[in-house]
Amino acid sequence: MSSPPSPLSTLPAYFDYASATPLDPRVRDAMLVFMDHEVNFGNSSAATHRYGWLAQEQLEAARVRVADAVGCDPLGVYFTSGATESINLAITGTLESLIQGRLKTPHWCSGEKECSGEKGCSEKNVLPHAITGAAEHKAVLNTLQHWADAGRIRLTVLKPDAHGRISAESLAASLEDSTVFVSIQHVNNELGVINPVEALAQLCRQRHVFFHVDAAQSLGKAPVDVSAWGADLVSFSGHKAYGPKGVGVLVCGSRTRGFLTPLMQGGSHERGVRPGTVALHQVVGLAEAFSIAATSYSVERTRFQGLRAMFLARLQSLSDWVLHSGEAEVVPSILSLGFRGVEGESLLIALKDIAVSSGSACNSVTLDPSHVLLACGIERTLAASTIRLSFGRFTDEAQMLAAADHIVAVVGKLRGEEGGADVGRT
């Protein structure tokens, strides 16, 4: 009697790398060493025996590897549960410290008695001012909006250009005397466009404003050098870079290191910034993933550019579609594609042979058009008929061509065009 087919044999080809990357086998192997039941299971905070000492040594070795991969001082590397926590720690930790007076800027103060009130501080009832972009991830937008709704900051949300980018000129025009914090992502998670974070950081430094970069989508897709960027805070994710889920990094520059207010109360783990026992196997996996991404970036980018060109050439047989990022500077492995004359939900259902999304995974439970696309000025009907296709390390040419052919056939069928392949619901 033959065995039933494996469920894996019925899975569609995976094109949602921007949501989560597969775990690289080299990362898995590195993690397994630290899941050993006899040796490498110690608590890195246990300072009274060799099991703890070994764990602490490996934790610090992983910290150095991460710092080397992203270009920063190891003392600025803090491990978290993921990019969302890193973003929340960067925003809330900085703003709380500013309001409490632990962090200071020359042009805004928390109202200490020695403050003269000459720079627009609390004596004039001026709240600290923060700036972000309308195309940011919801982890940034919702956190800052929470602060604004609570009446603790004033918030400016910048409209990006038609391709989702924030220019230095746009940011400069929005800076005020009371601006204390700016958060702009490096790589947009839906469009793949790259923001000029080095120029934005320089502008913020000149104005003594703390600058945060959401770099969850960056490593392995775009050049990453935290020191060259000059940002005060940078957030990273493990599972966007072929590492494990449930682990991330916050990098703090010299101005913020040691001054952030923790989100949680507990022990002195991660030098008092992030209490809780460190998941060493996940941290080791993240360090391995980051090291691989940093060393393989140039080769992988060249291959991704070839796959992207091949895919887009195959779509040329289809009419009336748009690549939302246009000719802007982008990472090649993220494509946001809009198809006019097609209903969005029907398109996603009919694309049964490929796993794609309508945008960020954090918004996929709703059928509303992407806030990123709407922020770029794209009409709602086209935004609703848009898919995000993202590929990566384990995608090959045959899969790319098959995905393009499947999209051409499905869109043609839904439009009622001749030659459209028969498509149905699953």
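Residues numbered from 1 in each chain as written. Predicted model: local features only at pLDDT ≥ 70, side-chain atom pairs only at ≥ 80, totals over all residues. Heavy atoms only, no water.

A word on the overall build of the protein chain
- Along the backbone of the protein chain there are twelve helices and twelve strands.
- When burial is assessed residue by residue, the protein chain has 54% of its 426 residues classed as buried.
- Contacts in the protein chain between residues far apart in sequence, at least 24 positions, make up 74% of those at least 6 positions apart.
- Total accessible area on the protein chain stands at roughly 18,400 Å², and carbon and sulfur atoms take up 54% of it. (Helix = DSSP H or I, 4+ residues; strand = E, 2+ residues; numbered from the N terminus. Buried < 20%, exposed > 50% of the residue type's maximum accessible area, 1.4 Å probe, protein only. Contact = heavy atoms within 4.5 Å. Areas by Shrake-Rupley, 256 points an atom, 1.4 Å probe, with all protein chains shown as cover.)

Looking at the side chain of Thr-21
- Along the chain, Thr-21 falls in the loop between strand S1 (13-14) and helix H1 (25-33).
- Engagement of the side chain of Thr-21 in a polar contact is seen with the backbone oxygen of His-239, the distance being 2.8 Å.
- The residues contacting Thr-21, other than those within four sequence positions of it, are His-239, Lys-240, Ala-241, Tyr-242 and Gly-243. (Polar contact = N/O pair within 3.5 Å; in protein donor to acceptor, adjacent residues only side chain to side chain.)

Focus on the sheet that holds strand S12 (residues 386-390)
- Taken in spatial order, the three strands of this open sheet run S9-S10-S12, and their pairing is antiparallel. The outermost strands of the open sheet, each flanked by one partner alone, are strand S9 (321-323) and S12. If you compare each strand with its neighbour and ignore which way they point, the axes differ by 25° on average.
- Inspection of the sheet shows strand S10 (residues 334-339) paired to S12 by five bridges, in the antiparallel sense. Residue pairing for S12: Gly-338 is matched across the bridge by Thr-386.
- Each of S9, S10 and S12 touches helix H8 (residues 280-314); the most contacted strand, S10, lies at about 10° to it. (Pairing = 2+ DSSP bridges. Axes fitted to C-alpha atoms, helices over the stretch in contact; angles between N-to-C directions.)

Let's talk about the confidence of the model for the protein chain
- Here the protein chain averages 90 in pLDDT, while 90% of its residues score no lower than 70.
- Under a pLDDT of 50 for its full length, residues 421-426 has, in the predicted model, twelve contacts with residues more than four places off or in other chains. (pLDDT = per-residue confidence, 0-100.)

Notes on the pattern of salt bridges
- By the definition in use, this model includes 14 salt bridges.
- Between Asp-29 and Arg-28 there is a salt bridge, and its shortest N-O distance comes to 3.2 Å.
- Taking relative accessible area as the criterion, Asp-29 reaches 41% and is therefore assigned partly exposed.
- For Arg-340, the salt bridge goes to Asp-320, with nearest N and O atoms at 3.5 Å. One end of the pair, Arg-340, is in the loop between S10 and helix H9 (344-350); the other, Asp-320, is in the loop between H8 and S9, and 20 residues separate them in sequence.
- Take Arg-340: its relative accessible area is 34%, and that puts it in the partly exposed class.
- The partly exposed category is assigned to Asp-320, whose relative accessible area is 44%.
- Through salt bridges with shared partners, a single network forms among Asp-24, Arg-26, Glu-300 and Arg-393. (Salt bridge = Lys/Arg side-chain N within 4 Å of Asp/Glu carboxyl O.)

Describing unusual backbone geometry
- One non-glycine residue with positive phi stands out, namely His-208, at about 60°.
- Relative to the helices and strands, His-208 is located in the loop between helix H6 (197-206) and strand S6 (210-214).
- Phi at Asp-320 is positive, roughly 55°, even though this residue is not glycine.

Regarding empty space enclosed by the protein
- Under the definition given, this model contains two cavities of 30 Å³ or more.
- In this structure, the largest cavity occupies an estimated 60 Å³ of space.
- Across the lining of the largest cavity, the residue classes tally to five nonpolar, four polar and three charged.
- Within this model, the second largest cavity holds a volume of roughly 30 Å³.
- Taken together, Gly-133, Ala-134, Ala-135, Glu-136, Pro-160, Gly-164, Ile-166, Gln-185 and Asn-195 make up the full set of residues lining the second largest cavity.
- For the lining of the second largest cavity, the residue count by class is four nonpolar, four polar and one charged. (1 Å grid on protein atoms, 1.4 Å probe; cavity = no way out; pocket = protein on both sides within 12 Å on 5 of 7 lines; lining within 4 Å. Points joined across faces, edges and corners; volume = space filled by probe spheres on them. Nonpolar A, V, L, I, M, F, W, Y, C, P; charged D, E, K, R; others polar.)

A few points about the sheet that holds strand S7 (residues 233-237)
- As summarised here, the arrangement of the seven strands in space is S2-S8-S7-S6-S5-S3-S4, forming an open sheet in which the pairing is mixed. The sheet is open, and its two edges are formed by strand S2 (77-80) and strand S4 (154-158), each paired on a single side. If you compare each strand with its neighbour and ignore which way they point, the axes differ by 20° on average.

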